[in-house]
Amino acid sequence: MTVNAPFEFTLRAAPTTAPAAGAAKIHAAISATQERVLSPVGVYVQHYLRRLESSDADDQSDHLKAHADHTAAEAAKAISNLDLSEEEDEEESEDLLMTDPKDWKEQDHYAVLGLSKLRYRATLDDIIKSHRKKVLRHHPDKKAAQGHLNDDGFFKCIQKAFEILTDRTKRRQWDSVDPAISDEVPTGKEKANFYEVFGPVFAREARFSNIQPVPELGDDSTSREEVERFYEFWYSFDSWRSFEYLDKEDVSGGGNRDDKRYNDAKNRKERATRKKEDIQRLRTFVDSALKVDPRMARFKEEDKLKRNSKRNAREEEAKRIAEEKKAAEEAAKLALVNASLQEEEQKKARQQAHKLLKKEQRALKLAFKSLNFLVPAGATPSDADIAAATEKLDKITAAKHDAEALVAVRAELEAAHAAGNGLATLDDIVSKL
């Protein structure tokens, strides 16, 4: 068979230590070209030709298919006592080995490849390695050599599992509905540690995020900014989870175009319903976490204390101003009362002093009469003496407004009259006014 297939290759650049172009030396002539006949054989050559002929851009899927075909072909040549590291492989139960390949949608693809412990965490390398082991163990040619004819059911399951798990879209569809991973979420009524209850569930749900990496739940020491950013991320969660894997297919294969359209519309409706329910499930879960998160309770309490401190400061300031105003008003009232009392006391004192003054004035007049208007003893005062003494008495009472001063004048006149010089003393007192 002759195949005209172009093979392209690129010469590597000269090393940096190579001499400059001008300093190049020719050591020998280039040998003449010779025509050779190459036989394009092998699975990888076939893969290369398919890539040239196909317009499919999914190179990785094509490469993996080639790998699967090549591995299956090589399994027939494997020696019977090949060491497959049994101690590292998962146990294959009888029910798993009896899986019907026709019911491939019902099979656990991870369990078929021995990856039930890793599941969505399994890398492409893990899948390829596990597939190689399974093919070497369950290839029909190898089983036929051991006397098990027409025993290729589980091998078909292996190939189907490999097909799905190595296709990005199909694997996501399977991972979206993987029955081995629960969709149950905490309700917020659990008594256990918050981080131990909610942390693993957030980590499980994070696998569906289109945005990676996903913020972690953290712990009590996580800052407020990180916690708020965490919940903002989950409230705007962008999920790639889909439910195409659960679509119902027309198994009869004889449906007309209208039936296919009806089934497609029904599947789309059911996918939309499941997607809506899943979004609501996740939203309810995040609400429950936010409600019982001890950090959010602490942040609310801090905000409350901050608000209360500001309000208390305002209330204390208003109280201080009110107390100062009240104290000023009370001080003004007290001053007014004190002024009124003082005025009243002064009024009473003035009245009392006036009474005493009048009393002493009367007493002084009576003293004048009892002292015979200060004329010498044994003499009878004339009308002129009485008038002159009364005039002088009026001057004294008009000039002296102090009762004690009048008492002193009276005492002084009484003593002077007893000494016989009353009129002279009277004249002296008047002259000093």
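Residues numbered from 1 in each chain as written. Predicted model: local features only at pLDDT ≥ 70, side-chain atom pairs only at ≥ 80, totals over all residues. Heavy atoms only, no water.

1. Here we look at the overall build of the protein chain
As a reminder of what qualifies: Where helices and strands are cited, they refer to DSSP runs of H or I of at least four residues and of E of at least two residues respectively, numbered from the N terminus. Residue exposure (1.4 Å probe, protein chains only): buried if accessible area is under 20% of the type maximum, exposed if over 50%, otherwise partly exposed. Two residues form a contact once any of their heavy atoms are found within 4.5 Å. Here the open area of atoms and residues is found with the Shrake-Rupley method and a 1.4 Å probe, where only the protein chains shown may cover a residue.
When helices and strands are counted, the protein chain shows 15 helices and zero strands. Every one of the 433 residues in the protein chain was classed for burial, and the buried ones make up 28%. A fraction of 72% describes how many contacts in the protein chain between residues 6 or more apart in sequence connect residues 24 or more apart. Summed over its atoms, the accessible surface of the protein chain is roughly 30300 Å², and 52% of this surface lies on carbon and sulfur atoms.

2. Details of helix H8 (residues 168-176)
Here is the rule we go by: Polar contact is the term for a pair of N or O atoms within 3.5 Å; when the atoms are in protein, one must be able to donate a hydrogen and the other to accept it, and sequence-neighboring residues count only if both atoms are side-chain atoms.
Among the residues making up H8, those that are buried are Arg171, Gln173, Trp174, Asp175 and Ser176. Elements that come into contact with the buried residues of H8 comprise helix H4 (109-112), helix H5 (124-138) and helix H7 (153-165). Of the residues that open H8, the one with a side-chain oxygen 3.0 Å from the backbone nitrogen of Thr169 is Asp167.

3. Concerning unusual backbone geometry
Leave glycine aside and you will find that most residues have negative phi; peptide bonds, for their part, are mostly trans. A cis geometry characterises the amide bond from Gln212 onward to Pro213, with omega recorded as -5°. Counting through the fold element by element, Pro213 comes out in the loop between helix H9 (194-205) and helix H10 (224-235).

4. A short note on helix H12 (residues 294-370)
Going by this rule: Expected span of a helix, by definition, is 1.5 Å for each gap between consecutive residues, and there is one gap fewer than residues.
For H12, spanning 77 residues, the distance from its first C-alpha to its last is 108 Å, which sits close to the expected 114 Å at 1.5 Å a residue. Inspection of H12 places Arg295, Met296, Phe299, Asn308, Leu357, Glu360, Gln361, Leu364, Ala367 and Phe368 among the buried residues, and these make up the whole buried set. Looking at the buried positions of H12, the neighbouring elements they touch are H9, H10, helix H11 (257-292), helix H13 (383-399), helix H14 (403-419) and helix H15 (422-431). Positive phi appears at Asn372, one or two residues downstream of H12, with a value of about 60°.

5. So, the environment of Gly218
As for its placement among the helices and strands, Gly218 is situated in the loop between H9 and H10. A sequence separation of 23 residues divides Gly218 from Tyr195, and the C-alpha atoms of the two residues are 7.9 Å apart. The residues touching Gly218, leaving out its near neighbours within four places in the chain, are Tyr195 and Arg295.

6. Considerations on the side chain of Gln107
Locating Gln107 in the fold gives a position in the loop between helix H3 (94-97) and H4. Among the polar contacts made by the side chain of Gln107, one reaches the main-chain carbonyl oxygen of Cys157 at a distance of 3.2 Å.

7. Thoughts on the layout of surface pockets
Applied cut-off: In the cavity and pocket records, a cavity denotes points on a 1 Å grid over the protein atoms alone where a 1.4 Å probe fits but cannot get out, a pocket denotes an open set with protein on both sides within 12 Å along at least 5 of 7 lines, and lining residues are residues with an atom within 4 Å of a point. Grid points are joined across faces, edges and corners, and a volume is the space filled by probe spheres set on the points.
When its volume is computed, the largest pocket comes out at roughly 360 Å³. Lining the largest pocket are 16 residues, and of these Tyr120, Arg168, Arg171, Arg172 and Asp175 sit closest to its centre. Sorting the residues of the lining of the largest pocket by element identifies H5 and H8 as the ones contributing at least two each. The greatest single-element share of the lining of the largest pocket, amounting to four residues, is contributed by H8.

8. Concerning the pattern of salt bridges
For clarity, the cut-off: For this document, the term salt bridge refers to a Lys or Arg side-chain nitrogen within 4 Å of an Asp or Glu carboxyl oxygen.
Following the criterion strictly, the structure yields 23 salt bridges and no others. Asp152 is paired through a salt bridge with Lys156; the nearest N and O atoms lie 3.8 Å apart. By relative accessible area, which is 28% here, Asp152 ends up partly exposed. For Lys156, a relative accessible area of 45% puts it in the partly exposed group. Close ionic contact of Arg204 with Glu205 constitutes a salt bridge, the shortest N to O distance being 3.0 Å. Residue Arg204 shares its accessibility class with Glu205, and that shared class is buried. In this structure, a network of salt bridges that share partners links the residues Asp183, Arg204, Glu205, Arg241, Asp278 and Arg281.

9. Remarks on the side chain of Glu360
Along the polypeptide, Glu360 turns up in helix H12. Those residues in contact with Glu360 that sit more than four places away from it in its chain are Ala403, Leu406, Val407 and Arg410.

10. A closer look at a positive patch on the surface
Which entries qualify depends on this criterion: Patch construction takes residues with relative accessible area above 30% that form no salt bridge. Like charges are linked within 9 Å, and nonpolar side chains (Val, Leu, Ile, Met, Phe, Trp, Tyr) are linked within 5 Å. As used throughout, the charge tally considers Lys and Arg to be positive and Asp and Glu to be negative, leaving His and the chain termini uncounted. For this purpose, a charge sits on NZ of Lys, CZ of Arg, CG of Asp or CD of Glu.
Judged by side-chain charge, Lys304, Lys306, Arg307, Lys310, Arg311 and Arg314 come together as a positively charged surface patch. By the element assignment, Arg314 lies in helix H12. Relative accessible area serves as the criterion here: at 54%, Arg314 is assigned to the exposed category.

11. Topic: the packing of aromatic side chains
Put simply, the rule reads: Only the six-membered ring of Trp is used, alongside the rings of Phe and Tyr, when aromatic pairs are assigned; centres must lie within 6.5 Å, and planes under 30 degrees apart are stacked while those over 60 apart are edge-to-face, with the rest tilted. Only when the NZ of Lys or the CZ of Arg is both within 6 Å of the ring centre and within 35 degrees of the ring normal is a charge said to sit over the ring.
By the definition in use, this model includes 14 aromatic pairs. Consider the rings of Phe194 and Tyr195, whose centres lie 5.2 Å apart with planes at 80°: the pair is edge-to-face. An identical accessibility class is assigned to Phe194 and Tyr195; each is buried. Ring-pair connections join several aromatic residues into one group, and the members of that group are Phe194, Tyr195, Phe198, Phe202, Phe230, Tyr231, Phe233, Trp234, Phe237 and Phe285. Here the guanidinium or amino end of Lys160 rests over the ring plane of Trp104, the centre of that ring lying 4.3 Å away.

12. Here we look at the confidence of the model for the protein chain
Parts of the model with low pLDDT should not have their predicted coordinates read in detail. Note the cut-off: Confidence scores here are pLDDT values: one per residue, from the predictor, ranging 0 to 100.
Per-residue pLDDT for the protein chain averages 82, and the proportion of residues at 70 or more is 79%. Ranking the elements of the protein chain by mean pLDDT puts helix H2 (residues 59-75) last, at 54, and H10 first, at 96. Within the model, pLDDT remains below 50 along residues 75-87, and this stretch shows 15 contacts once partners closer than five positions in the same chain are excluded.

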